[in-house]
Amino acid sequence: MRTDSSGGSGPVSAARRRGVIDALRRGAVPESGLDLLATGLDRFGTALDAELDAVRSGASVFKAVRGEYGSGKTFFARWLGERAKRRNFAVAEIQISETETPLHKLETVYRRLTERLATPGFPPSALRPVVDSWFYALEEDALAAGAPEEDLPGRVEQLMTARLTEVSRHAPSFATALRGYRAAVEAGDEATASAVMAWLGGQPHVAAAARRAAGVRGDLDHFGALGFLQGLLTVLRDSGHSGLLVVLDEVETLQRVRSDARDKALNALRQLIDEVHSGRFPGLYLLITGTPAFYDGRQGVQRLAPLAQRLATDFTTDPRFDNPRAVQIRLPGFTQESLIGLGLTIRDLYAAGSAAAERVREVADDAYVADLATAVGGALGGKVGVAPRLFLKKLVGDVLDRVDQFDDFDPRKHYALTVNASELTEVERNAAAATSAEDVELDLP
């Protein structure tokens, strides 16, 4: 049986297995348990773990991931996020988009970061639990240093001031808001405490009364966002976390925005990279994902020469010898062989949680799984790289669930693969268009 890599040598828990299977049945990327599905990513593991360990020791890292649509960039980012959480990192995954999260507005990026912030112990948004644990840690440190109970508030204030000294140089309002939040909590004023916490998270339109009570003004702006990120990293570190992994996913959407907004966004990305490399953000691992066209095309990175220089990586060599330590890495994408291997892994994972495990493995045998993978790939115009999501959805929802529930169900006799345009993503529809405009019905041998 497959072991649980997060725990070491024990069997995969029923909850993790169920969570993975349920997500695949919906055609979604699981929120956890991604190590059970990782195919072809082991080659990156050693280098990424070393980078996470460096960040845990106070360094900062920037990494770019490239891959075609459907190559698994989002999966990779979440897989890395799981590895980070096992090292007690906080993680935030942000989808870049022109309307919701434009990259050139760093105050919006910061707001999405706090909204999506998750820790090993708390789901999004974990900002308030993180801040509360920070104040608790300050109190513990003050008591450990011999502070009497009656002097504890003053000693905590001194510790907070000392630890936010560097942050206060760039974003004094961050420390001011923390003091205002603590005062509201101690006064039992939950409405003000919640409002100040929202302001700390970059939320706009916070009630003026709450801002006055905390001693802060206005809303967070583009430049203040970087200072607030520094503050958040300090709070995370002092509350016991190893660091923060921030994922900026789908950065290639910058290619489709107006030229002026695109140029601002590319410059903002260049600025972020420089700030990471300057050491301004100790404890930060910043990851971006994009398509080869974004990195190599004239409407993407190549539009800004300084950014292109910072991301330059040689991909003319054999992919087998790609350097996982490079600033930019490429995902290999799925082959027919790896797609089949993933299907077999899911079949075995499903069987391990089924009362009819032997029947599941026997009816959905290796040959059938291979045939289904071939059929789904064919339905998508032979583009295997975009097939994993649909293949696993069909395998779990249409085949394995029926084998598990109906003793006389035989997919070779009772199931014909049907792919309807309405169930496909845009990328999958484009791939399927090479085969048909509406439905594809294939009888498996």
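Residues numbered from 1 in each chain as written. Predicted model: local features only at pLDDT ≥ 70, side-chain atom pairs only at ≥ 80, totals over all residues. Heavy atoms only, no water.

As annotated in an unreviewed UniProt entry, the chain carries the name ATP-binding protein and comes from Streptomyces qaidamensis.

1. Observations regarding the overall build of the chain
When its secondary structure is counted, the chain shows 20 helices and 7 strands. Against the compact-globule benchmark of 22 Å for 445 residues, the chain has a radius of gyration of 25 Å, which places it among compact chains. Taken across its 445 residues, the chain has 52% of its residues classed as buried. A sequence separation of at least 24 residues applies to 70% of the contacts in the chain between residues at least 6 apart. Accessible surface, the chain as shown: approximately 19700 Å² in total, 50% of it carbon and sulfur. Looking at the chain, you have 53 positive and 61 negative side-chain charges, and the mean spots of the two groups are 4 Å apart. (Helix = DSSP H or I, 4+ residues; strand = E, 2+ residues; numbered from the N terminus. Rg over C-alpha atoms; globule rule 2.2 N^0.38 Å. Buried < 20%, exposed > 50% of the residue type's maximum accessible area, 1.4 Å probe, protein only. Contact = heavy atoms within 4.5 Å. Areas by Shrake-Rupley, 256 points an atom, 1.4 Å probe, with all protein chains shown as cover. Lys, Arg positive; Asp, Glu negative; His and termini not counted. Charge placed at Lys NZ, Arg CZ, Asp CG, Glu CD.)

2. Notes on the packing of helix α15 (residues 336-352) against helix α17 (residues 366-379)
When two helices pack together, their arrangement is given by the angle between their axes and by how far apart the axes lie. Two numbers describe how α15 lies on α17: the axes approach to 9 Å, and their chain directions differ by 130 degrees. Here α17 runs oblique to α15, going by the angle between their axes. Crossing angle aside, the handedness with which α15 passes α17 is right-handed. Contact residues: α15 offers Q336, L339, I340, G343, L344 and R347, while α17 offers D366, V369, A370, A373 and T374. Counted by class, the contact of α15 with α17 contains 6 nonpolar, 3 polar and 2 charged residues. (Axes fitted to C-alpha atoms, helices over the stretch in contact; angles between N-to-C directions. Parallel < 35°, antiparallel > 145°, perpendicular 65-115°, else oblique. Left-handed = near helix turned anticlockwise from the far one by under 90°. Nonpolar A, V, L, I, M, F, W, Y, C, P; charged D, E, K, R; others polar.)

3. Observations concerning the environment of Q158
Secondary-structure assignment places Q158 in helix α6 (residues 152-163). Between the C-alpha atom of Q158 and that of A142, which follows or precedes it by 16 residues, the distance is 9.3 Å.

4. Notes on the side chain of D238
Tracing the backbone shows D238 in helix α11 (residues 222-238). What makes D238 buried here is its relative accessible area of 17%. Apart from residues lying up to four places away in sequence, D238 is in contact with W134, A137 and R163.

5. Description of the pattern of salt bridges
Evaluation of the coordinates by the stated rule reveals 32 salt bridges. Here D238 ties to R237 by a salt bridge, and the two come within 3.4 Å at their closest N and O atoms. Its salt-bridge partner being K394, residue D398 comes within 3.6 Å of it at the nearest N-O pair. Placement of the pair is D398 and K394 together in helix α18 (residues 388-405), with a separation of 4 residues, close to one helical turn. Among the charged side chains, a salt-bridge network with shared partners connects D49, D53, R56, R83 and R87. (Salt bridge = Lys/Arg side-chain N within 4 Å of Asp/Glu carboxyl O.)

6. Some details on α18
Its 18 residues place the ends of α18 24 Å apart at the C-alpha level, agreeing with the 26 Å of an ideal helix rising 1.5 Å per residue. Along its length, α18 reaches its greatest deviation from straightness, about 30 degrees, at V396. If you check which residues of α18 are buried, you get P388, L390, F391, L392, K394, L395, V396, V399, L400, D401 and V403. (Expected span 1.5 Å × (residues − 1). Bend = angle between axes of the 7 residues up to and from the residue.)

7. As for helix α9 (residues 190-200)
T192, A193, A195, V196, M197, W199 and L200 are the residues of α9 that are buried. In the stretch just after α9, G202 is the one whose phi turns positive, near 85 degrees.

8. A word on the nonpolar core
Counting 75 residues, the largest nonpolar core has F62, L178, L244 and L248 as the members making the most contacts within it. A per-element tally of this core places α11 first, with 8 residues. Two domains each donate at least three residues to this core, and these are domain 1 (37-119 + 241-330) and domain 2 (127-225). In this view, L248 contacts I94, I96, L103, V109, L272, L286, L287, I288 and T289; residues no more than four positions away in its chain are not counted. Judged by nonpolar contacts, the second largest core, of 68 residues, contains V65, V91, L344 and L424. (Core = buried A, V, L, I, M, F, W, Y, C linked by side-chain atoms within 4.5 Å. Domains from an automatic or database assignment.)

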